[in-house]
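An overview of the molecular structure
Listed below, chain by chain, are the residues.
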Amino acid sequence: GAPKMLIKICLFVSFCLVALPEIEAACFVCNSNGVACTSNNTFQLCFNGIPNSNVEYVCPNAAEVCTVYGQICMDPSANSNVQTVCGNTQQCGQCSDVANGAYTCTSRTTFTMCMNNALTSIRGTCPLGAVCRTSVGHSGSVPCVNECLTDANDMCDVELAVDAPTTSETTGTTVIIQPTPPVTIVPPVDTTVSVTSAPTQSPEAYCSGQTLIGRYPNSADSSCVSYLYCSSNGSGSGLTGRIRQCPSGKYFNPEIRNCQTNKPVGCV
């Protein structure tokens, strides 16, 4: 009858959970299940291999995490093989309560020195085969450890540094700790843009309502050569924003949250 059938189904599901293999995955990258995990329990749907950043979904149950498996949201307490794709992305670039001269991870492989609870221009990149561990950085040591010691709950699990200068869209493979020149904000050249394209909020106000560090479209720039960058405000209470420019000849694509050579549809 129905009760016996239910028992068989539960046994089958339990067996499947135990047999789940470990699958390599990365935050903000489209998985075979058709989504890109954006944090421990949030995800975006993918279309043609590109995450739709306009809509973000939250796993229905508090204990569930975003995975690469067919069942997108699963409870890791039910089986140790179920692991979240993303680490705690809220740790990215956080300097709150970090001692002066200690470090915070700004991506899987990069880190930045903290001073007075704020990021500085002293940035570094871990060597090939190493990853950044938050707890090590907060202790005051250079936070690069062997990639075999990866702990998704003790790192900033994003590929591109949250404080990467606009002149460098990729990370290196050698340790570099040196001051970075300040970013110059170039105002839009086109002054004929209709007032209807002006943002309804300032970058600071817009980012204060976001929960994820990263790049967002600049609604005031119809040419798509700039974007809003939301990052930690240093107090640990939220995010702050500023306008950044794409490298010369590139345009911001909100679907991938990055600058690209081809001009996206809708850009003037």
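What you are looking at is a predicted structure, and each value in this text was computed from that prediction instead of being measured.

The secondary structure content of the protein chain amounts to three helices and 17 strands. For the protein chain, the residues scored as buried account for 39% of the 268 residues in total.

Glancing now at the packing of aromatic side chains. To describe a pair of aromatic rings, one takes the distance between the centres and the angle between the planes. This structure, assessed with the given rule, holds four aromatic pairs. Considering the side-chain rings of Tyr103 and Phe111, the 5.3 Å spacing of their centres and the 85° angle between planes classify their relative orientation as edge-to-face. Assessed through its relative accessible area of 1%, Phe111 is described here as buried. With a centroid separation of 5.8 Å and 70° between ring planes, the pair formed by Tyr206 and Tyr216 is classed as edge-to-face. Remark: Tyr216 occurs in strand β13 (residues 214-217) and Tyr206 occurs in helix α3 (residues 203-208); sequence separation between them is ten residues. For Tyr206, a relative accessible area of 26% corresponds to the partly exposed category. Here Tyr216 falls in the buried class, since its relative accessible area comes to 8%. Against the face of Tyr229 rests Arg244, its NZ or CZ located 4.5 Å from the ring centre.

With that out of the way, let us pick up the side chain of Ser226. Along the chain, Ser226 falls in strand β14 (residues 226-232). The buried category is assigned to Ser226, whose relative accessible area is 4%. At 3.0 Å, the side chain of Ser226 forms a polar contact with the side chain of Asn218. Of note is the side chain of Ser226, whose polar atom sits 2.7 Å from the side chain of Asp221. If we ignore the near neighbours within four places in the chain, the residues touching Ser226 are Asn218, Asp221, Ile243, Arg244, Gln245, Cys246 and Phe252.

Scanning the entire structure with this criterion turns up two salt bridges. Among the salt bridges present, the one from Arg123 reaches Asp163, with a minimum N-O distance of 3.0 Å. Placement of Arg123 in strand β9 (residues 118-125) and of Asp163 in the loop between β11 (144-146) and β12 (178-179) is noted, with a sequence separation of 40 residues between them. For Asp163, a relative accessible area of 4% puts it in the buried group.

The rules behind each value
- Residues numbered from 1 in each chain as written.
- Predicted model: local features only at pLDDT ≥ 70, side-chain atom pairs only at ≥ 80, totals over all residues.
- Heavy atoms only, no water.
- Helix = DSSP H or I, 4+ residues; strand = E, 2+ residues; numbered from the N terminus.
- Buried < 20%, exposed > 50% of the residue type's maximum accessible area, 1.4 Å probe, protein only.
- Phe/Tyr/Trp six-rings, centres within 6.5 Å; stacked < 30°, edge-to-face > 60°.
- Lys NZ or Arg CZ within 6 Å of the ring centre and 35° of its normal.
- Polar contact = N/O pair within 3.5 Å; in protein donor to acceptor, adjacent residues only side chain to side chain.
- Contact = heavy atoms within 4.5 Å.
- Salt bridge = Lys/Arg side-chain N within 4 Å of Asp/Glu carboxyl O.

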